[in-house]
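Below, each chain spelled out in residue letters.
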Amino acid sequence: MRAPIIILAAVLAGTAIYAAFSLAGDPQAGTAGPVFHATLADAAVYDPDGVYRATVAAAAGTYELRFVPNGDSPRMLGVAVRGDAVMFEETFELMGTPQGNEPAIYYTWEYLGERDVTIGADSELAIAVDPHGDLLGPVSVSLVQK
């Protein structure tokens with residue numbers, strides 16, 4: 001009975017540590033944090049088409065999409081970033097990698113796909129996140145300047 005609790009605690013601690021490092025800006029790049037961040041874990045945050053939409057201002061530069069997924073996250077996640085100086089679209093696929101040894105195997109999760117977004121000039125960005133119908137799968141999405 002104690003083994004499942006210990007495994008769950010380890011997974012939660014690992015997820016929290018991963019989230020903290022994933023969302024933190026690169027101190028050498030001088031970033032203060034993400035220009036966009038959304039935690040998607042409730043169907044109510046999506047529009048009637050099942051897409052999360054936001055508008056943010058961003059300076060010219062190179063950005064990286066970062067995710068904090070888990071095993072219940074959407075298997076496919078479409079992200080579009082559009083503005084006067086950028087047109088980015090990518091569909092990411094969730095991949096789980098087993099970690100540890102029997103009987104304490106757990107998974108780490110990541111989205112596979114192109115993460116770099118280049119913005120040619122300061123502009124307002126329209127960001128759309130499409131979980132392809134999986135509106136209850138929790139995931140956090142951030143856009144962070146490199």
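Worth saying up front: this structure is predicted, and the values here are computed from it rather than measured.

Rules of the game
- Residues numbered from 1 in each chain as written.
- Predicted model: local features only at pLDDT ≥ 70, side-chain atom pairs only at ≥ 80, totals over all residues.
- Heavy atoms only, no water.
- Helix = DSSP H or I, 4+ residues; strand = E, 2+ residues; numbered from the N terminus.
- Contact = heavy atoms within 4.5 Å.
- Areas by Shrake-Rupley, 256 points an atom, 1.4 Å probe, with all protein chains shown as cover.
- Core = buried A, V, L, I, M, F, W, Y, C linked by side-chain atoms within 4.5 Å.
- Buried < 20%, exposed > 50% of the residue type's maximum accessible area, 1.4 Å probe, protein only.
- Pairing = 2+ DSSP bridges.
- Axes fitted to C-alpha atoms, helices over the stretch in contact; angles between N-to-C directions.
- Salt bridge = Lys/Arg side-chain N within 4 Å of Asp/Glu carboxyl O.
- Polar contact = N/O pair within 3.5 Å; in protein donor to acceptor, adjacent residues only side chain to side chain.

### Regarding the overall build of the protein chain
Stage number 1. Looking only at helices and strands, the protein chain features one helix and nine strands.
Stage number 2. For the protein chain, the N- to C-terminal ordering of α and β elements is α-β-β-β-β-β-β-β-β-β.
Stage number 3. The contacts in the protein chain between residues at least 6 apart in sequence include a share of 73% that link residues at least 24 apart.
Stage number 4. As displayed, the protein chain has an accessible area near 8,300 Å², and 57% of this comes from carbon and sulfur atoms.

### Comments concerning the nonpolar core
Stage number 1. Membership of the largest hydrophobic core comes to 27 residues, with the highest contact counts inside it found for Phe36, Leu65, Val117, Leu125 and Val141.
Stage number 2. Secondary structure elements with two or more residues in this core: strand S1 (36-40), strand S2 (52-58), strand S3 (61-68), strand S4 (76-83), strand S5 (86-99), strand S7 (116-119), strand S8 (123-130) and strand S9 (139-145).

### Quick notes on the sheet that holds S5
Stage number 1. Taken in spatial order, the five strands make up an open sheet running S2-S8-S4-S5-S6, and their pairing is antiparallel. Of all the strands in the sheet, just S2 and strand S6 (106-112) have a single pairing partner and so form its edges. Sheet twist, expressed as the mean angle between neighbouring strand axes with direction ignored, is 20°.
Stage number 2. Pairing of S2 with S8 involves seven bridges; the strand directions are antiparallel. Of the residues in S8, the one forming a bridge with Arg53 is Ala128.

### Side note on the pattern of salt bridges
Stage number 1. For the structure on display, the rule yields four salt bridges.
Stage number 2. Across the pair Glu89 and Arg82 runs a salt bridge, and its minimum N-O distance is 2.3 Å.
Stage number 3. With a relative accessible area of 51%, Glu89 lands in the exposed category.

### Here's the deal with the sheet that holds S1
Stage number 1. Taking strand neighbours across the sheet as the criterion, the four strands line up as S1-S9-S3-S7 in an open arrangement whose pairing is antiparallel. Every other strand in the sheet has two partners, leaving S1 and S7 as the edge strands with one partner each. Strand-to-strand twist in this sheet, taken as the mean axis angle between neighbours without regard to direction, amounts to 20°.
Stage number 2. Pairing analysis gives six bridges linking S3 to S9, with the strands arranged antiparallel. Paired with Arg66 across the bridge in S9 is Ser142.

### Thoughts on the pairing of S7
Stage number 1. Of the two faces of S7, only one is covered, namely that formed by Val117 and Ile119; the face formed by Asp116 and Thr118 stays uncovered.
Stage number 2. Direction of pairing for S3 relative to S7: antiparallel, over a ladder of four bridges. The residue of S7 that forms the bridge with Glu64 is Asp116.

### A word on the side chain of Arg66
Stage number 1. Here Arg66 lies in strand S3.
Stage number 2. Overall, Arg66 belongs to the buried group, its relative accessible area being 14%.
Stage number 3. Separated by 3.1 Å, the side chains of Arg66 and Glu64 make a polar contact.

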